[in-house]
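# Coordinate inspection notes
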Amino acid sequence: MAETKITLEQVRHVARLARLELSPQDEERLRADMGEMLEYVDKLNELDTKDVAPTTQVGEAGMPMRDDEVTNRPAADAMLSNAPSRERGYFKVPKIIE
Amino acid sequence: MPSELNKLTIAEASAKLRAREITAAQLTRDCLDRIAAAEPSLHAFITVCEKEAAEQARVADARLAAGNAPALCGIPLGIKDIYATKGVRTTCASKILQNFIPPFDATVIERLRADGAVFVGKTNLDEFAMGSSTENSAFGATHNPHDLERVAGGSSGGSAAAVAAHECLGALGTDTGGSIREPASFCGVVGIKPTYSRVSRYGVVAYASSLDQVGPFTKSVRDAAIILRTLAGKDVRDSTCSARPVPNYERALGDTVKGLRIGVPREYFVEGMQPEVEKSVREALKTYESLGASTTEISLPHTGYAIAAYYLVATAEASANLSRYDGIRYGLRVNAEDNIALYETTRAQGFGAEVKRRIMLGTFALSAGYYDAYYLKGMKVRTLIRNDFERAFEKCDLIVTPVAPTTAFRIGEKMNDPLTMYLSDIFTISVNLAGLPGMSMPCGYDAAGLPIGMQLIAPPFAEETIFRAGGAFERSGSCKPRTTAV
C-alpha cells in the first residue's frame, strides 16, 4: 500500500478515542479514506492564516442569558421510555466496579 | 377519476380549504393514496403516518369550518426523519436510532402542529444527514422521481423526492453543506436554507451545530415563503436562535427586480461542470436582465478551499455531537463484558460507513497534536470565506450561481469514492460556512430531462431579497415544471 498521511497505529488510536470498534478491514479502509481526505485538506496550507481570527459561530445571538427558572415538569417515565435496559426508575448498565 | 388534490400547491390548497371547496381529509387521502402508489419505486419515506395524518386532517377540518384557520391548516407535509416528533419514531436513517420514539416535538414541529399542518410521514435521508445522495440510509436509497436510476440528492433526498412526486404538498429538510439545496435541484423543486440562526434547531438531531439549519421544500417560491414564516423566529430552547422579527416573506414576492444588482461569481463556473447547467443558469441571468436587474461579475476567491474547511469543521462538530450514542439512555445497545466494550460494539454496529468515516476524521482533527493544524486551520479559512461574501455584497444585493456542477448522478456512481461525493457540494458549502441564506429553484432541464437548479444567495437575514428575485423568475415563466416519470 502507498504511503498515506496516517498510520494504522494512528487509526487505532483515534478509533479508541471515538469509542468505535473496528475490524481489520475497517482499519485499512479508514486509513486509505482518511489519508486521502487529509491529503486533500492540505491545500489549506497554501493560505497564510497567521493573522486571521477563527470563526467559531456565525449567528448573532451571542450568549443570551435567561432567568434560572424551571419550565419543564418531571417526566421520568418518558425519559426512560427509550432506555435499552432499565430497572425501577433507573437506566441499567453493566457492573463497573468489581 | 381521482381528484389528485395532492398536485396542488400549498397556496392553492389553502385557498380551497378555507373556501371549503375541499376538505383536509380529502387532500390528505389523495396524498396517502399517492404515497401508496409511488413508494415501491421511490422510497422517499421511512415511516408513513397514515392513522395520525387522518386524525390531524379531521381536527384541521373542524378548525377550518370554524373559520380564521392559519395558512398551513390542513396542509399535508413530509418531515425529514431527523426532527423529533412526539410519539412517532425518529431514526435519522440509522440503525442506532431504529426504534427511537421521541417523547417531545422539535420546536418547528410544534409550530407546524399549532398551525394545524398534517404530517403524512417521516422522509428518508443520508444517515445523520451525512451525504449528498440519500444512499447512506440504513433503510435503502431514495430514487429520483424524474429517473429512478438516479439519486434524489441528499441528505434531504426523501423530502425533495416526496414533494417532486406530489406525495405531499411541502416538506421539511435540513441543510449543513447543501442538504436542502442539492436535492431540491436534483428533483426540480424549491428548497431554501435560511440564514443561520433564523430558525430554531431545538429537537433537530445535531450533525454540525454551527452549520445546521432548518428549511422547507415546496413546489413554488410562494409556498416556501409561507412555510418559512411559520418556522422562523426566536426560541428560548435554542440559544443561537435570532430574536429578530420575522417578516411576511410572501409580501416580497410581488416586487419587481428592477434595479436589483446580481453578482455572478466567476469561481462558480468551472471546468468540468456539465455544459447544460452553465447554459441554463446563464439564460436565467439573461431573464433577470430583461426584467430590469443588472448582473456583474464578482469574485469569491476562497471558493476552492471551502470543501476542505468544511470537512474539518463539520466532522469535528459531528464527532462531538454523535458521542451521545453510547447505548445507555436510548437507541441501540449491543451488550458486552464491560461499559467501554459496550460503547465500542454498540457504535460499531449502529453506525454506517460514512458516519464512522466522519467521526474518525473529526476525532482526528480535534485530537492532541493535530487541533491547530486541522480544526483551527479550518475555522480560520472559514473566516476568509465569510470575508469573501461580505466584500462581494458591497457590490451586489444577490448572488446567483448553479446549485451543483451536474444534474442528478446515477445511484452507486460515487459510493466508492467519498471525496468525489463530497465535491458535489462545491457550490453550496460556502453558504453554510458563511451562515447565509440560499435558495435552490428550478431554472431548466438537461437533454435527458433532468432538472437543473439555480442558487440565489443573499446577505444574512435578507431572505426577502431571495423571495423577491425567486418570485420574479417564477412569474417570468422561463422554467415550466415538468411531470415526473413516476
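In this text the structure is predicted, and so the values were computed from the model without any measurement. Each chain carries its own residue numbering, running from 1 in the written order of its sequence. The order in which chains are written sets their letters, starting at A; the order in which ligands are written sets their numbers, starting at 1. In view of the model being predicted, local features appear only for residues whose pLDDT reaches at least 70, and side-chain atom pairs are presented and counted only at 80 or more, with totals across whole chains, interfaces and linings using the full set of residues.

Turning our eyes to something else, we now look at the overall build of chain B. Strands here are runs of E lasting at least two residues and helices are runs of H or I lasting at least four, both read from the DSSP assignment and numbered beginning at the N terminus. Of regular secondary structure, chain B possesses 15 helices and 13 strands. For chain B, the spread of C-alpha atoms along the three principal axes comes to 65 × 55 × 45 Å. Per-residue burial over chain B gives 63% buried out of 486 residues. C-beta atoms are first placed from the backbone for all residues, and any pair lying within 7 Å is then listed as a contact. Here the analysis covers contacts within chain B between residues at least 6 apart in sequence; of these, 76% occur between residues at least 24 apart. Working definition of burial: number of other C-beta atoms within 10 Å of the residue's own, with buried at 20 or more, exposed at 12 or fewer, and partly exposed in between, all C-beta atoms being placed from the backbone.

Taken together, the 52 residues of chain B in the interface contact 42 residues of chain A. Counting residues per element, the ones that place at least two in the side of chain B that touches chain A are α9 (306-321), α10 (339-350), α11 (353-366), α12 (372-392) and α13 (418-422) of chain B. For the side of chain B that touches chain A, the element with the most residues is α12(B), which contributes ten residues. For the side of chain B that touches chain A, the class distribution of residues is 28 nonpolar, 13 polar and eleven charged. In this count, Pro and Cys sit with the nonpolar residues alongside Ala, Val, Leu, Ile, Met, Phe, Trp and Tyr, while Asp, Glu, Lys and Arg are called charged and the others, Gly among them, polar.

Moving on: unusual backbone geometry. Residues and elements named next belong to chain B. Cis geometry marks the peptide bond from Gly 154 to Ser 155, where omega comes out at 10°. Here the phi dihedral of Cys 92 falls at roughly 55°; this positive angle occurs in a residue that is not glycine. Secondary-structure assignment places Cys 92 in the loop between β2 (76-80) and α4 (107-114). Assessed through the 30 C-beta atoms surrounding it within 10 Å, Cys 92 is described here as buried. The backbone of Phe 461 sits at a positive phi, close to 65°, despite the residue not being glycine. Mapped onto the fold, Phe 461 is located in the loop between β13 (451-457) and α15 (463-476).

Residues and elements named next belong to chain B. Boundaries of every domain are those given by an automatic assignment or by a domain database. The domains assigned to chain B are domain 1 (5-259) and domain 2 (304-380). Spacing between the C-alpha centres of domain 1 and domain 2 amounts to 28 Å. Residue-level contacts link 20 residues of domain 1 with 17 residues of domain 2. Counted by class, the side of domain 1 that touches domain 2 contains ten nonpolar, eight polar and two charged residues.

With that settled, consider the pairing of strand β8 (residues 213-218) of chain B. Residue and element names in this part refer to chain B. For β8, the buried fraction is high: six of the six residues fall into the buried class. Paired strands are those between which DSSP finds at least two bridges. As paired elements, strand β6 (residues 170-175) and β8 share six bridges and run antiparallel to each other. When the sheet's bridge partners are listed, Asp 175 is paired in β8 with Gln 213. Taken together, the two bridges between strand β7 (residues 190-193) and β8 define a ladder with antiparallel strand orientation. Bridge pairing in β8 links Val 190 to Thr 218.

Residues and elements named next belong to chain B. By this rule the span expected of a helix is its residue count minus one, scaled by 1.5 Å. Counted at 1.5 Å a residue, the expected span for helix α3 (residues 50-66) with its 17 residues is 24 Å, and the 25 Å between its end C-alpha atoms agrees. Every buried residue belonging to α3 is among Ala 53, Gln 56, Ala 57, Ala 60, Asp 61 and Leu 64, and all of these are buried. End-on, the buried residues of α3 take up no more than an arc of 145°, which puts them together on one face. Seen from the buried face of α3, the exposed residues on the opposite side, beyond 90 degrees, are Lys 51, Ala 62, Ala 65 and Ala 66. Where α3 is buried, its residues meet α1 (10-18), α2 (24-42), β2 and β3 (118-123). Residue Gly 67 follows α3 closely and has a positive phi angle near 90°. In this description, one arc is meant: the one made by directions from the helix axis to the C-beta atoms.

The nonpolar core is taken to be a set of buried Ala, Val, Leu, Ile, Met, Phe, Trp, Tyr and Cys residues joined by way of C-beta atoms within 7 Å. Counting 176 residues, the largest nonpolar core has Leu77(B) and Ala309(B) as the members making the most contacts within it. When residues of this core are assigned to their parent elements, the largest contribution, eleven residues, is made by α9(B). Formed jointly, this core draws a minimum of three residues from each of two domains, domain 1 (5-259) and domain 2 (304-380) of chain B. If sequence neighbours within four positions are ignored, Ala309(B) has contacts with Leu44(A), Gly378(B), Val381(B), Arg382(B), Ile385(B) and Leu433(B).

The next subject is the sheet that holds β3(B). Residue and element names in this part refer to chain B. Sheet architecture is open: eleven strands sit in the order β1-β3-β2-β6-β8-β7-β12-β13-β11-β9-β10, paired in mixed fashion. With partners counted over all chains shown, the strands left at the sheet margins are β1 (45-48) and β10 (294-298), one partner each. Sheet twist, expressed as the mean angle between neighbouring strand axes with direction ignored, is 30°. As paired elements, β7 and strand β12 (residues 438-445) share three bridges and run antiparallel to each other. When the sheet's bridge partners are listed, Lys 193 is paired in β12 with Gly 438. The sheet contacts of α15 involve β7, β11 (398-402), β12 and β13, and relative to β12 the element is tilted by about 15°. Fitted lines through C-alpha atoms serve as axes, helices being fitted only where they are in contact, and the angles separating the N-to-C directions of these axes extend from 0 to 180 degrees.

What follows covers the pairing of β10(B). Residues and elements named next belong to chain B. The pairing of strand β9 (residues 261-265) with β10 spans five bridges and is parallel. Its bridge partner lying in β10, Ile 262 is registered against Thr 295. Chirality of the crossover, the property in question, places the unit of β9, helix α8 (residues 275-290) and β10 among those that are right-handed. Assignment of crossover handedness uses the view with strands pointing away from the viewer, where a clockwise path from the first strand over the helix to the second indicates a right-handed crossover.

This part covers the environment of Gly254(B). With respect to the secondary-structure elements, Gly254(B) resides in the loop between α7 (221-231) and β9. Linking Gly254(B) and Ala472(B), residues 218 residues apart in sequence, is a C-alpha distance of 7.3 Å.

Caution applies to low-pLDDT regions: their predicted coordinates should not be interpreted in detail. Residues at a pLDDT of 70 or more form 94% of chain A, whose mean pLDDT is 91. Confidence, read as mean pLDDT per element, is least for helix α3 (residues 76-80) of chain A in chain A (91) and greatest for helix α1 (residues 8-17) of chain A (98). Along the chain, pLDDT gives the predictor's confidence residue by residue, from 0 to 100.

Glancing now at the packing of α1(A) against α11(B). The description of two packed helices rests on the angle between their axes and on the distance between the axes. Packing of α1(A) against α11(B) leaves a shortest axis separation of 9 Å and a crossing angle of 95°. Between α1(A) and α11(B), the crossing angle belongs to the class labelled roughly perpendicular. Across the interface between the two elements, Val14(A), Ala15(A) and Leu17(A) from α1(A) touch Met360(B), Thr363(B) and Phe364(B) from α11(B). Taken together, the residues of the contact of α1(A) with α11(B) sort by class into five nonpolar, one polar and no charged. Each angle is binned into one of four classes, with values under 35 degrees roughly parallel, values over 145 roughly antiparallel, values of 65 to 115 roughly perpendicular, and all other values oblique.

Residue and element names in this part refer to chain B. Within the secondary structure, Ser 159 sits in helix α5 (residues 157-164). Given 41 C-beta atoms within a 10 Å radius, Ser 159 is considered buried. Ser 159 sits 32 residues away from Gly 191 along the chain, and the two C-alpha atoms are 9.9 Å apart. Those residues in contact with Ser 159 that sit more than four places away from it in its chain are Gly 78, Lys 80, Thr 123, Ala 171, Leu 172, Gly 173 and Phe 217.

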